[in-house]
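# Fold and geometry: a report
Chain by chain, the residues run as shown.
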Amino acid sequence: MFGWLVDSSTAPGWPATLGPVRLPTGSVTLRPVRLRDGATWSRLRIRNQNELLPWEPTGPGQWDRRHHPSMWRPLFAVLKREARHGVMLPFVIELDGEYVGQLTIGNIQRGAVCSAWIGYWVDKDRTGGGIASAAVALAVDHCFGPVGLHRLEATVQPENGASQAVLRGVGFRDEGLLKRYMDVNSRWRDHLLFGLTVEEVDTSMVDALIRAGRATST
């Protein structure tokens, strides 16, 4: 199934299915993107346009055209190549086996930096139930474990309180304001920088969610 991936010595921690984490709303897992995800990806992205457009980088053309099912194959090819080269981990977020969003670890760097960024989105009909927090916790544990990273970071617009709450709730620190950092919705927007290093994680982020009563062990 994953014949296009190189061995783990080139891409540590990939491919992998992570979880589950059990929430009151169901079981959350992360699994690699698949070529057959195209129709679901398109449907969810188009349905969530109003929720996603204010926060995501500006892209060419109209939203519905960029997210037509035919656009998934070339996008998947890019994700496949980046995963194969060990610079990206493209996951689907599942709730009880249903595709409800995506989480991506990108710009993976080794050597003296040993870091990456994390980004995620969840279907508007599934927000508020802790799914994003569980997904991020799974990803953090994986990145600081099998993937072997030292630091993760995320950038969030100051107006995006929901995403900030997810990051803070999982242990990320606010490290400052990046002025006019990214072109989002055709305008250069300020972003808050959040960071987390492996030394700040005592056991695991998933265990922390369980201890806080926000998830249960399976």
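Located above this text is the structure these notes cover.
Remember, it's a predicted structure, so these values are computed and weren't measured experimentally. (Residues numbered from 1 in each chain as written. Predicted model: local features only at pLDDT ≥ 70, side-chain atom pairs only at ≥ 80, totals over all residues. Heavy atoms only, no water.)

## Thoughts on the overall build of the protein chain
Short version of the rule: Secondary structure elements follow DSSP: runs of H or I no shorter than four residues count as helices, runs of E no shorter than two count as strands, and numbering proceeds from the N terminus. Radius of gyration here is computed from C-alpha atoms only, and the compact-globule reference equals 2.2 Å multiplied by the residue count raised to the power 0.38. Burial status follows relative accessibility: with a 1.4 Å probe on protein chains alone, a residue under 20% of its type maximum counts as buried, one over 50% as exposed, and anything between as partly exposed. To be clear on the numbers: accessible area is Shrake-Rupley with a 1.4 Å probe, and residue cover counts the displayed protein chains and nothing else. Here the positive residues are Lys and Arg and the negative ones are Asp and Glu; neither His nor the chain ends is included. A single reference atom marks each charge: NZ on Lys, CZ on Arg, CG on Asp, CD on Glu.
The number of helices and strands found in the protein chain is 7 helices and 8 strands. Here the C-alpha atoms of the protein chain give a radius of gyration of 17 Å, agreeing with the 17 Å that 2.2 N^0.38 yields for 218 residues. Along the first, second and third principal axes, the C-alpha atoms of the protein chain reach 45 × 40 × 40 Å. Taking all 218 residues of the protein chain together, 46% fall into the buried category. Summing over all exposed atoms, the protein chain offers an accessible surface of approximately 10700 Å²; the carbon and sulfur share of this is 51%. Mean positive and mean negative side-chain charge positions of the protein chain (25 and 22 charges, respectively) differ by 5 Å.

## Here we look at the sheet that holds strand β4 (residues 98-109)
The line we're drawing: Strand pairing follows a simple DSSP-based rule, namely that at least 2 bridges must link the two strands. Helix axes are fitted only over the stretch in contact, all axes being lines through C-alpha atoms; the angle between N-to-C directions runs from 0 to 180 degrees.
One open sheet accounts for 8 strands, arranged β1-β2-β3-β4-β5-β6-β8-β7; its pairing is mixed. Looking at strand neighbours, the two that pair on one side only are β1 (18-23) and β7 (173-184), the edges of this open sheet. Strand-to-strand, the axes of this sheet are offset by a mean angle of 25°, without reference to chain direction. In terms of strand pairing, β4 meets strand β5 (residues 115-122) through 7 bridges, oriented antiparallel. Each residue of the ladder has a partner; that of Thr104, found in β5, is Gly119.

## Some words on the nonpolar core
Which entries qualify depends on this criterion: For this analysis, a nonpolar core means a set of buried residues of the types Ala, Val, Leu, Ile, Met, Phe, Trp, Tyr and Cys, connected via side-chain atoms within 4.5 Å. Note on contacts: a residue pair qualifies if any of its non-hydrogen atoms lie within 4.5 Å across the two residues.
Membership of the largest hydrophobic core comes to 50 residues, with the highest contact counts inside it found for Leu30, Ile93, Leu103, Ile105, Val136, Leu152 and Phe172. Ranked by residue count, the leading element in this core is helix α5 (residues 131-144), at 11 residues. Look past the residues within four positions of Leu152 in its chain and what remains in contact with it is Ile105, Ala116, Val140, Cys143, Phe144, Phe172, Phe194, Gly195 and Leu196. Counting residues in each nonpolar core, the second largest holds 12 residues, with Trp41, Trp72, Tyr99 and Trp121 among its members.

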